[in-house]
Structure formats: structure tokens, C-alpha cells
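One letter stands for each residue in the lines below.
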Amino acid sequence: MLALEIEDFRRHSMGQSESFEVEQVRKSWKKKKQDSWMSNGSFAFDEKDEEENQGTSKRKSISCRMPFDELLPHVGEYGLYQVILFLLLCPFLFFLAFVFMSQMFITLVPNDHWCEINGLKNYDLTDIQIKEIFIPKIKDNQYSRCTRYDVDPSKVLNGGINMTEIALSQKSWDVIECNSGWKYNRTEVSYWSLGMEFNWVCDQAYYPNVAISVYYVGAILGGLLFGYLSDHYGRLPTLVIANVVALVFGISTIFATDFWTFAFYRFMVGFAYDNCYVMLYIIVLEYTGVRWRTFVSNMSIGMFFTAAMCLVPWIAIWCEEWRIFVLVTSVPIALALLAPFVVPESARWLLSMDRVEKCVKIMRGIAKINRKKVDESVYKHFYDSNFNDPSSFDENTVNYTLLDLFKSPRMRKITFLLCVMWMTTSLVFEGHARNAGSIGSNIFVVHSIGSFTEFPADIILVLILDTVGRRWCCSVALMLGGVFSLLATLVPFGVYSATLAILGRATANFSYNLGVQYAAELLPTVVRGQGLTFVHIMGYVASMAAPLVVYLSNIWTLLPMIVLGIVGLVGGFCCLFLPESLGHDLPQTIVDGENIGRDQKFFDFPCCGKRKISKQDHANIVKIIVTNADNNEHYH
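Heads up: these notes are all about the structure in this document. All values derive from a computational prediction rather than experimental measurement. (Residues numbered from 1 in each chain as written. Predicted model: local features only at pLDDT ≥ 70, side-chain atom pairs only at ≥ 80, totals over all residues. Heavy atoms only, no water.)

1. Observations concerning helix H26 (residues 528-551)
Taking 1.5 Å per residue, 24 residues should reach 34 Å; H26 reaches 35 Å between its end C-alpha atoms and fits that length. When you tally the buried positions in H26, you get 18 out of 24 residues, the bulk of the element. (Helix = DSSP H or I, 4+ residues; strand = E, 2+ residues; numbered from the N terminus. Expected span 1.5 Å × (residues − 1). Buried < 20%, exposed > 50% of the residue type's maximum accessible area, 1.4 Å probe, protein only.)

This is how it looks when you write it as C-alpha cells:
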């Protein structure tokens, strides 16, 4: 309706002679394109003709185009081609898991560690005996991790081991900080980690958490850079560059010699976080029909990302040494260099750049692989209605920036709420993922079980998302995560708390995977790359706080779960103010994004009641009718 209103206003505001001139130019260009098509079947035009019409093109009118979503069913919304794209997500989701979670296991240190005691090689003592004799006990009758008794082992042990006498003597022994390194319980963490090698314990115990925060600073800067590149130079080149960064600096991590070199390498790896797969994720979603979008977006993560996340800790154990682990999780990323040979550029991005001919070529290839026979007039109509001639105007031809999301009040509200949703989701997800070692169970088992919950969560998503809708699913998932986190603080420490924490992790997985799709469906194509990047950057800001939340367990064991519970409840409530995207095509323009869910009420449930035709749906219907009428006029 807005397009028709602007067209009517233009015709009344322009003089009759000017309207007549534009109409003549429009007919002239249509005839030139038709003649060119009929003569050689190509889209070639005389450059001189283009130059002659440059002046008139500044007075573009708004006309209806054949949307990309109308061409997609002709070539196949989910055929063999889309299945291939779905499978191509597998290696990139493995890369994401390696980039995302490897650092946690690179720096992992066993909770059970104590001061190294020199001079014990000639004595056959168990670790328990060493701690009982030389390590003082602190609160809760636990052995100190950072202090030892200042005694000469030979003087204590030469007379034999008499624990009664030793216990009496300990009251007079001085206590000093560890000065000869640390001993680690290798039954907890069986491989040699960087945290053990660099002794990141006691007064340096915060180093791994700071390194993760530095990693997310890199993710923020990388998000800004790659978001800009994706919208201006294409999704595919950006995908390759991001993975090359992850490859080069991932491998470089093995040369780290101290905290600062390690932090720098991980800062650069952080540049690739999310960007190493999200561009391909956008491409796959754009080539998939609305009916299949939920399945593709969620089951790809549920199957491939889940498998990789479950495997990461066991790969670390299998490698036995952190440098080998770094190489095993970094070198495979080189496969991303093959992406340009097997992955197409985003068709919607090509349209936004007025590269219609390239878009049509890709769609012909899809139709061929999907074994779809498409009438030539369909491609011609698509090209004619999308080519940037003086008779057409589209917001996609303008270079949009992130700021355009904040210029209209409704789009500004949607963007703000998406940021809140993603920040709370990221913090809860990251917090549960990195708090696995603080809930009284084996960190490797808890991490793998928590990661595996992605799979059933995504199956549930596929089954209910297109019935219940995005808004309520996201809200309820975050709130349930908050409830489970708070309940974990009320039950005995151990199996019960771990079970509730895993349930909290499962709901966090649910909301995290849904959030990726939800944001992509609400942001317009003209700024989708930059918009998604911005939303993810805000999530990175929240993720920077996750290691600090986990570190709160040193103050009080239950404090991290309390914080995660409150954050989940707040985020779930805010999600209810977002518009529902179920049943809507991906918005192409800022106006499309502004109109999504405009008639929605707070307690609307997509699965309940008879669906009414919204103003946007009505506008889309009018556009289709007008497009068809214009097409009939063109060919008759």
C-alpha cells in the first residue's frame, strides 16, 4: 500500500509533461530489453542507451518488482540443491565449535592442585600423604592450593612417617606461598594443558577468564569489520576471510610463551567467532523456502554443532597435550578455502547490489540441480522487474548502513529488543557452558551432556516453532532457563544441582538457536549482514561478562547460578515485546521490516484463533496483483 501511495503522490506532485516523459522512457527501456532478449537471449544493453537515461533515472518511480521469494518456488524451495547446502553447513559448524570452545579446554586447570614440594624423589609417598604432611588445611577441611609448610622434607621424613608427631609439629610450622610450582591431579584433567604449563592458578587464576574476555573483544571488532564487508563485498568473500583469520591465528597459538602472547593470538581468533559460519548460515536460509527454514536453521545446529561441541573435550583428552589439540582443531579450518567453489553468493545480496544477471544465473543452476523446468518468461519477468531502470525504484539500490535501523521508531524498538534478547541469551548460554566445572561433577561429562541437549532442543524447535511461533518459544525458553538455574541453588550440591544446571543449559541451547533464526527473520535484507553482526556484537559484550560470572564461584559457589537465573527471567520477559515473524517472508527493505507484526497484540498466539490478514499481508497481495497486471500488459 505504501508503494502505491508514494506512486500516487509522485504523479500528482510532478507535472503532466514530466510524468509523460518518464512513461515514455519506461516504455522505451522495456522495448529495448525485450528486443535484446528476443535477439540474443542475453541481458546485454547498449552502454550509450544507459548513459542517455542517467538524467531521467534520478526521477525514479516506485513500481512493484517480482520478489525473490516468488522466483524461489519455481526453481525449488527445498530440493537436492538445498540439501547440499544443508550438508555444507557441517564443516563450518565444526569450525565454529572449535573456535568457540577450544580455548576453555586449552587453559583448563584441575580444581585439585597443590604446591610442588622439592626433595621428595627418594621417598615413596602418595599424593595424599604429601598433602597430609606438607600442605596446610583451610576452610571446610580442604587442602590449600596456594600455600605450603616451610619445612625441609628430609628433616621431617628421615625419622620415618609418624603422622601423630607430624600433626603436632605442624602447629608450629610457618606457612608460605608456593615457591616451586604446583602439582596437578591428572585424574581430573588427564592431558597437559596450557594452564598447567604456565601455572595459571592462585594469584593468576583469573588469567583464563581474562583471556576469554579478550577473545570477545576481538569478536566485537571482527563483527564490525566482517559485518561491513558482508554487506558491501558479499557474504562469500567474508566467510572465507573470517575462516582464514581463524586458521592463521589458531595455529599461531602454539607459539604462545606467556599470557600476553596467548591473549593476542586468541584476540585475533575472536575476530572469526560467529563470522566463520554465520555468513554461510545466511546464504543457506536465503535459498531455502519459508516452509523449510525452521528445519534447516535448527537441525543444522542440532546435528553438526552439537556433535562438534560434544567431541571437543574428548579430542583434548585424546591429544594429551594442548599444542597438539590446538593444531587438531585449527588445521581443518583450511577447508573453508574451498567454499567459493561449492557455495553460491547470496542471491538477495546480489539483488541489493543490482547484479540481477548473476542472480538469474545462480537460480538457473539451482533449477537444473533440483530438476525443475522453469519457463523462460519467468526469468525474463524476474530480470525485467528487478533491473534498475528509470521505471523502477528499490531501497536495495541505496547503500544502507547500520544507522538506518535506528531512524524509524518501530525498527529502532525491534533492534533494541533483539539486542536485549541476544545479550541475555548469550550470557545464560555462555555462563552454563563455562560453569560446568563448578557444579560438583566431572567437567568433561557435564559439558558433553549439556552440549548434547542441543539436539533434542532443536528437534522440539522444529516440531513446535512453526505452530507456537518465535516470540513465545524464545520467551518461555529463557524464563525456564532462569527457573532451572535458581532451583539448582536450592538442592544438594552434586548430582541434583548438576541435573538442574543441565536442564538450564538445555533451555539456553533452545533460546540460543532460536535467537539466531529470529534475528535473521526480523532484520531487512539491505542491512541484514550489518544488523545481525550488531546484534551478535551486543551478545559478545554480554559474553565478555560470562567468565566473570563464573569466577564469582570463588566468592560463593551458588552465586553464578543466581545471576544466570535472574538474567534469564529478565530476557524472557523482554522477548514478549518483539513482533512475531512466523508466516512472513524475509523483509527486503526497511519499510518491510517496519511493518512486520504491526497489528500484533501482546497476547496473540499464532496457534490459537483464526489468522487475520494484516496490513502488510494485504500490501503484499496488492503488490502481487499489480505485478501480474503489469506483466500481462508487458507481454500483450
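Next, the rest of the story.
2. Topic: a nonpolar patch on the surface
A surface patch of nonpolar side chains, amounting to about 400 Å² of accessible area, comprises Leu80, Val83, Ile84, Leu87 and Ile369. With four residues, the single largest contributor to the nonpolar patch is helix H6 (residues 80-106). Relative to the assigned elements, Val83 resides in helix H6. (Patch = residues over 30% accessible without salt bridge, like charges linked within 9 Å, V, L, I, M, F, W, Y side chains within 5 Å. Areas by Shrake-Rupley, 256 points an atom, 1.4 Å probe, with all protein chains shown as cover. Salt bridge = Lys/Arg side-chain N within 4 Å of Asp/Glu carboxyl O.)

3. Here we look at the state of the cysteines
Applying the stated criterion to the full structure yields two disulfides. Residue pairing for Cys115: its cysteine sulfur links by disulfide to Cys178, the two sulfurs lying 1.6 Å apart. One disulfide, between Cys115 and Cys178, carries an S-S torsion of -70° and so falls in the left-handed class. A residue pair is termed long-range when its members are at least 10 positions apart, and Cys115 in strand E1 (residues 113-115) and Cys178 in the loop between strand E3 (175-177) and strand E4 (182-184) qualify at 63 residues. Each sulfur in the disulfide pair Cys146 and Cys202 lies 2.0 Å from the other. (Disulfide = S-S within 2.5 Å.)

4. Considering the side chain of Thr288
With respect to the secondary-structure elements, Thr288 resides in the loop between helix H14 (275-286) and helix H15 (290-319). At 2.6 Å, the side chain of Thr288 and the backbone oxygen of Val284 are in polar contact. Apart from the residues lying within four places of it in its own chain, the contact partners of Thr288 are Leu72, Glu77, Tyr78, Gln82, Arg293 and Val296. (Polar contact = N/O pair within 3.5 Å; in protein donor to acceptor, adjacent residues only side chain to side chain. Contact = heavy atoms within 4.5 Å.)

5. As for the nonpolar core
Counting 167 residues, the largest nonpolar core has Phe105, Tyr273 and Met363 as its most contacted members. Of the residues forming this core, the biggest block, 16 residues, is contributed by H6. Here Met363 is in contact with Phe68, Leu71, Leu72, Val75, Tyr287 and Tyr379, once residues within four sequence places are set aside. In terms of nonpolar packing, the next biggest core, distinct from the first, is built from seven residues, Leu229, Phe267, Met268 and Phe271 among them. (Core = buried A, V, L, I, M, F, W, Y, C linked by side-chain atoms within 4.5 Å.)

6. Points about the packing of helix H23 (residues 454-468) against helix H24 (residues 470-487)
Running from N to C, H23 and H24 point in directions that differ by 125°, and their axes come no closer than 7 Å. Overall, the two elements H23 and H24 adopt an arrangement that is oblique. Counting all contacts with H23, which are made through Ile464, Leu465, Asp466 and Val468, the residues of H24 involved are Arg470, Trp472 and Cys473. Of the residues contributing to the contact of H23 with H24, the split by class is five nonpolar, no polar and two charged. (Axes fitted to C-alpha atoms, helices over the stretch in contact; angles between N-to-C directions. Parallel < 35°, antiparallel > 145°, perpendicular 65-115°, else oblique. Nonpolar A, V, L, I, M, F, W, Y, C, P; charged D, E, K, R; others polar.)

7. Side note on the packing of aromatic side chains
Per the counting criterion, the structure on display carries 36 aromatic pairs. Between Tyr215 and Tyr273, the aromatic rings sit 5.8 Å apart at their centres with planes inclined by 50°, giving tilted as the arrangement. Taken as a pair, Tyr215 in helix H11 (residues 207-233) and Tyr273 in the loop between helix H13 (259-270) and H14 lie far apart in primary sequence, 58 residues in all. Take Tyr215: its relative accessible area is 2%, and that puts it in the buried class. Three or more aromatic residues joined by ring pairs make a cluster, and in this case those are Phe100, Tyr215, Tyr216, Tyr273, Trp422, Phe429, Tyr512 and Tyr540. Directly above the aromatic system of Trp114 lies the positively charged group of Lys131, at a separation of 4.5 Å from the ring centroid. (Phe/Tyr/Trp six-rings, centres within 6.5 Å; stacked < 30°, edge-to-face > 60°. Lys NZ or Arg CZ within 6 Å of the ring centre and 35° of its normal.)

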